[in-house]
Amino acid sequence: MEPRVRKSAKERKAEIIEVTLRLAGEVGPDRLTTEALAKEVGISKPGIFRHFPTKGAIWEAVGQHIGKLMQTKIALTKKKKNARPIDELRDYFVGHLRFIETTPAIPAILFSRELHAENDQLRTFFAGLIKSRHAHFSKLIAAEIKAGHFKKTIDPDDAAYLILALVQGLAMRWSLNNRSFDLPKEGQRLLELQLNGFEKTE
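So, here's what we can say about the structure. Remember, it's a predicted structure, so these values are computed and weren't measured experimentally.

## Brief notes about the overall build of the protein chain
Piece 1. Across its full length, the protein chain holds 10 helices and zero strands.
Piece 2. Ordered by position from the N terminus, the helices and strands of the protein chain form the series α-α-α-α-α-α-α-α-α-α.
Piece 3. Referenced to the eigenvectors of the C-alpha coordinate spread, the extents of the protein chain come out at roughly 70 × 35 × 35 Å.
Piece 4. Evaluated residue by residue, the protein chain yields a buried proportion of 41% over its 202 residues.
Piece 5. For the protein chain, restricting intrachain contacts to residue pairs at least 6 apart in sequence, the fraction spanning at least 24 positions comes to 66%.

## Observations regarding the nonpolar core
Piece 1. Ranked by size, the top nonpolar core spans 54 residues in total, and within it Ile66, Phe93, Ile109, Ile141 and Ile163 carry the most contacts.
Piece 2. Among the elements of the structure, helix H1 (9-27), helix H2 (34-41), helix H4 (55-76), helix H5 (85-102), helix H6 (105-110), helix H8 (120-146), helix H9 (156-176) and helix H10 (183-198) are those that each provide at least two residues to this core.
Piece 3. Other than its neighbours up to four places away in sequence, Ile141 contacts Leu89, Phe150, Ile154, Pro156, Ala159, Ala160 and Ile163.

## A short note on empty space enclosed by the protein
Piece 1. All told, the structure shown has three cavities of 30 Å³ or more when counted by the stated rule.
Piece 2. Here the largest cavity is characterised by a volume of approximately 180 Å³.
Piece 3. Lining the largest cavity are 15 residues; nearest its centre among them are Met70, His96, Leu110, Ile130 and Gln168.
Piece 4. Elements represented by at least two residues in the lining of the largest cavity include exactly H4, H5, H6, H8 and H9.

Reading the values: rules and limits
- Here the residue numbers are simple positions, counted from 1 along each chain's written sequence.
- This being a predicted model, a pLDDT of at least 70 is required before a residue's local features are given, and a value of 80 or more before pairs of side-chain atoms are given or counted; all residues contribute to the totals for chains, interfaces and linings.
- For the side-chain quantities, the full set of heavy atoms in the structure was used; hydrogens and water were omitted.
- The way it works is that DSSP assigns letters per residue, a run of H or I at least four long becomes a helix, a run of E at least two long becomes a strand, and they are numbered from the N terminus.
- Here's how the labels work: a residue is buried when its accessible area is under 20% of the maximum for its type, exposed when over 50%, partly exposed in between, all with a 1.4 Å probe on protein chains only.
- Residue contacts are defined here by distance: any two heavy atoms, one from each residue, within 4.5 Å place the two residues in contact.
- Throughout this description, the term nonpolar core refers to a set of buried Ala, Val, Leu, Ile, Met, Phe, Trp, Tyr and Cys residues connected via side-chain atoms within 4.5 Å.
- Both cavities and pockets are sets of points on a 1 Å grid over the protein atoms alone; in a cavity a 1.4 Å probe fits but cannot get out, in a pocket the set is open with protein on both sides within 12 Å along at least five of seven lines, and lining residues sit with an atom within 4 Å of a point.
- Grid points are joined across faces, edges and corners, and a volume is the space filled by probe spheres set on the points.

The following block contains the structure:
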């Protein structure tokens, strides 16, 4: 039996967050117990609580971790030279779906009624993330309207909500279908249908 490697508090906390995120994708956040988490990490249950005082604190740390990962994805899909706002929106949208595809616990965490009912801070955090995505989509759509590419009758905020709903609906369908289809590819197909309805027909 190999000796257990002693890790710093920072390393152990990062490990607990990563394992929580992975197990949430495998068994669901509402079924994940601290016992199972401790076993997977390789420490005792009290050892988990030495790093996080409550189970809620673990989920809050997981939420912050997801936010940082998403920001990294966003940084990779920032404006390209001479790109139209619609192209940035497409890249951002697909990048978001690719992130969900590589982090399959996200739909379960976002739609966990039990988890959010018990953790106001986590619910508020994810609501802030969604608000930020909405503002970004709305800004890009408004730029396309101003440039004359989208219909002037479109409300940018309403259009942004439709695209957000598309992301959320796709994530839920992908999860319920046992992740059996190409999420980014299906997203691209449906996004184009949505964008076609925004475009000016003149």
